[in-house]
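Single-letter residue listing:
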Amino acid sequence: MAIDELMKGTVSSDNTALTTNDVYKKIVAEVKNMKKRNMKVSMMRIAVSADTEELLLTDEKFSNSSSTIGAELLREGVIGKIAGVPVKTNYLMDEDVEFVIYDKRFIQKYEIWKKEPSVEDIKDGKHIGSSALQGRQVGGLMVTNKLGVQIKKKTI
C-alpha cells in the first residue's frame, strides 16, 4: 500500500536504465534536486529496487560509504547512505521503478471514522444491563506534496 502511494509523486524525466557507471551519480543528482525543493536530508529516505541494489553494491563509491554506517541503521535495513540519505532495498516496487527518494514529512498516515463510535445497548435476552461500543475506524497513506517524492523509472 505504501509503495502504491509513493508512485503518486514526481516522476523523473530521465527514463534511461541505470548502469554500474552512473547509478551513484544519478541518485546523488536526484538528492540534490530534492534539496533544492527544500527537502531535508535528515527526513529523506531512498528506496531502491533489487536491480538498483545490485548495481550499487558493485559501485566503488557506494561500497566505500556503506561500510561506515552504524549498527542501528543496519538493524533498520539500511544498506548504506548516498549524500547523507539512508538507502533501503524494497522488493515490492514495479519492474520499471529503479528508485524512489522521499521526504518523510510529506508521506502521511491518516485515520478516519467510517462509522462514528456510539454506545449501544445489547438487548438480546441473554445479557442484562450490557452495552457495546460500536464504530469502525479506517485509514491509509497519502502523499501531501508530490515534490516530496522523486521516482526514477526506466523504459522497459
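Placed above this text is the structure.
Notes on the structure in this doc start here. (Residues numbered from 1 in each chain as written. Predicted model: local features only at pLDDT ≥ 70, side-chain atom pairs only at ≥ 80, totals over all residues. Heavy atoms only, no water.)

## Some details on the nonpolar core
Grouped together as the largest cluster of nonpolar side chains are 19 residues, with contacts concentrated most on Ile27, Ile46, Leu56, Ile82 and Ile101. Counting residues per element, the ones that place at least two in this core are helix 2 (23-36), strand 2 (44-48), helix 3 (50-57), strand 4 (85-89) and strand 5 (97-103). The element that contributes the greatest number of residues to this core is helix 2, accounting for 5 residues. Apart from residues lying up to four places away in sequence, Ile82 is in contact with Tyr24, Ile27, Val28, Val31, Ile46, Leu56, Phe62 and Val87. Membership of the second largest hydrophobic core comes to 10 residues, among which are Leu6, Val97, Tyr102 and Val143. (Core = buried A, V, L, I, M, F, W, Y, C linked by side-chain atoms within 4.5 Å. Buried < 20%, exposed > 50% of the residue type's maximum accessible area, 1.4 Å probe, protein only. Helix = DSSP H or I, 4+ residues; strand = E, 2+ residues; numbered from the N terminus. Contact = heavy atoms within 4.5 Å.)

## Structural notes on the pattern of salt bridges
Using the criterion set out here, one finds 6 salt bridges in the structure. When the shortest N-O distance is used, the salt bridge between Lys8 and Glu5 registers 2.9 Å. The class of Lys8 is partly exposed, set by a relative accessible area of 45%. Across the salt bridge formed by Asp51 and Lys154, the nearest N and O atoms sit 3.9 Å from each other. You can see Asp51 sitting in helix 3 and its partner Lys154 sitting in the segment after strand 8 (149-153), a full 103 residues away along the chain. Classification of Asp51 by relative accessible area gives partly exposed; the value is 46%. Linked by salt bridges that have partners in common, Asp14, Asp22 and Lys26 make up one network. (Salt bridge = Lys/Arg side-chain N within 4 Å of Asp/Glu carboxyl O.)

## Description of helix 2
Taking 1.5 Å of rise per residue, 14 residues should cover 20 Å, and helix 2 covers 20 Å from first to last C-alpha, within 8% of that figure. By the burial criterion, the buried members of helix 2 are Val23, Tyr24, Lys26, Ile27, Glu30, Val31 and Met34. Buried residues along helix 2 cover an arc of 165° about the axis, so they all sit on one side. Away from the buried face of helix 2 by more than 90 degrees, exposed residues Lys25 and Lys36 are located. (Expected span 1.5 Å × (residues − 1). Arc of directions from axis to C-beta.)

## With respect to the environment of Thr16
Looking at the secondary structure, you find Thr16 in the loop between strand 1 (10-11) and helix 2. Along the sequence, Thr16 and Gly139 sit 123 residues apart, while their C-alpha atoms lie 36 Å from each other. Setting aside residues up to four positions removed in sequence, Thr16 forms contacts with Lys26, Glu98, Lys152 and Lys154. Engagement of the side chain of Thr16 in a polar contact is seen with the side chain of Asp14, the distance being 2.7 Å. Of note is the side chain of Thr16, whose polar atom sits 2.9 Å from the side chain of Lys26. (Polar contact = N/O pair within 3.5 Å; in protein donor to acceptor, adjacent residues only side chain to side chain.)

By themselves, these figures tell us nothing about what the structure is for.
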